[in-house]
Amino acid sequence: MTLADHMNARVKALAPSDILEFNKEIAGIDGIVKLTLGEPDFFTPEHVKQAGIQAIQDNHSHYTESRGMPSLRKAAAGYLYAKYGLDYDPDTQMVITAGATGGIFSGLTAMINPGDTVILPTPIFPLYIPIAQLSGAKTVFVDTSDDGFILRPDKLEAAIEHSDGPVKALVLNYPTNPTGVTYAREDLEALAQVARKHGFFVLSDEIYAELTYQGTHVSMGTILPEQTVVLGGVSKSHAMTGWRVGIAAGPADVIDQISKVNEFTITSVTTNAQYAAQEALTKGMNDTDSMREAYRKRRDYLVKALPEVGLDVIDPKGAFYIFARLPEGMRDSWSFVYDLARKAKVAVIPGASFGPGGEGYVRISYAASMEDLHTAVERIGDYMRENRS
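The shown structure was predicted, so the numbers you read here are calculated from the model rather than taken from an experiment.

Novice: Just to check I follow, could you spell out the environment of Gln93 for this structure?
Specialist: Tracing the sequence through the fold places Gln93 in the loop between helix H4 (70-84) and strand E2 (94-97). Through-space distance from the C-alpha of Gln93 to that of Ser259 is 9.9 Å; in sequence the pair is 166 residues apart. Once you skip the residues sitting within four places of it in the chain, Gln93 turns out to touch Asp87, Tyr88, Ala248, Ala249, Gly250, Pro251, Ala252 and Ile255.

Structure representation (structure tokens):
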């Protein structure tokens, strides 16, 4: 027996990310077109980079308040109000986290007692699952694939009724990774009625809010403010994934507890990154516009082109993913993606990685150049003609 045998049993029970393992395995394929990444292919806007550089030059190299610089929280509050009508006190209802991922961790850790239930509508970004389980939560998956990948209130009620242990939180992510589907106001209002009835938290990850292509993004925080923690940040809107600046906002007494976890895990977000984010959220209010238009053109191309080569798609209303349905006889998504990578030199993510309802689909990221997308579609078309029975 080694010291490793005595480590945290919950950590030991977690499997490494199968998506990351897949990426490692196919990385050595010469000439492969990778449509796997969940991050913008744009660079951080120049004025935002310069703000980060200037912060270093000005010797802003010390700790900030654990909740984040007051000026950044004020900027974030102004941005959320201007964009989505969210009204948060930057002093008491907001904390700056290490990306939205940091908000997920701090939020669920602060909310969950061992044995509590967390409800996850699937297919869903897989990271929520191990974070919930690390806190001792029981995870209940609700397959939304028969409902247009939208969680319906009757399905939510059924999950609550059959849960083993008190329901503590519902996780929403929209526009959704991996489907690109988003929620309309009436969808959110119906779910809010169920949440009020049962009194659980809603952790609403809205990191892709600015990448909404039809209509205006509606935040759950405007519908159920007393029970919702909204997660956001600059990673997707301003192509700042590596800067690691997120926002968690919600009721003051809830944010107090989330702030404790944030403080005890990271102390505070990197100082010069906070200055860059402040620039993004004030002088870069419209920086996303050109990126969103480029994504829209790529989305429109794939929505038309993929069915022509044999992959049916749902029309994504946001984010930068296509969730494509595999044809009969090719529904094993893991087998499909490995074979596609080896034979056609195109890498996509298997739908099975995103939980119940994902099998039989693949996630295709269009955070890639139009040239790469054209090449990928051509190769997929050749593969489908040669391999489809």
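Novice: Looking at this structure, I do not really get the layout of surface pockets. What am I missing?
Specialist: Gaps left between atoms show up when a probe the size of a water molecule is rolled over them. Counted as a void, the largest pocket has a volume near 1000 Å³. If you trace the largest pocket, you find 39 residues lining it, with Ser17, Ile19, Phe125, Pro126 and Leu127 closest to the centre. Counted by class, the lining of the largest pocket contains 20 nonpolar, 13 polar and 6 charged residues.

Novice: I'm lost on empty space enclosed by the protein in this one. Help?
Specialist: Applying the stated rule across the entire model yields 2 cavities of 30 Å³ or more. Quantified by volume, the largest cavity comes out at close to 120 Å³. For the largest cavity, the lining is made up of 15 residues, of which Leu80, Tyr84, Glu206, Gly232 and Gly233 are closest to its centre. Of all elements in the fold, only H4 and strand E7 (228-233) reach the threshold of two or more residues within the lining of the largest cavity. At 4 residues, the largest contribution of residues to the lining of the largest cavity is made by E7. Its residues placed into classes, the lining of the largest cavity shows 9 nonpolar, 4 polar and 2 charged. There is about 70 Å³ of room inside the second largest cavity. Every residue along the wall of the second largest cavity is listed here: Pro121, Thr122, Pro123, Ile124, Thr144, Phe149, Asn173, Thr176, Thr179 and Tyr183.

About the cut-offs
- Residues numbered from 1 in each chain as written.
- Predicted model: local features only at pLDDT ≥ 70, side-chain atom pairs only at ≥ 80, totals over all residues.
- Heavy atoms only, no water.
- Helix = DSSP H or I, 4+ residues; strand = E, 2+ residues; numbered from the N terminus.
- Contact = heavy atoms within 4.5 Å.
- 1 Å grid on protein atoms, 1.4 Å probe; cavity = no way out; pocket = protein on both sides within 12 Å on 5 of 7 lines; lining within 4 Å.
- Points joined across faces, edges and corners; volume = space filled by probe spheres on them.
- Nonpolar A, V, L, I, M, F, W, Y, C, P; charged D, E, K, R; others polar.

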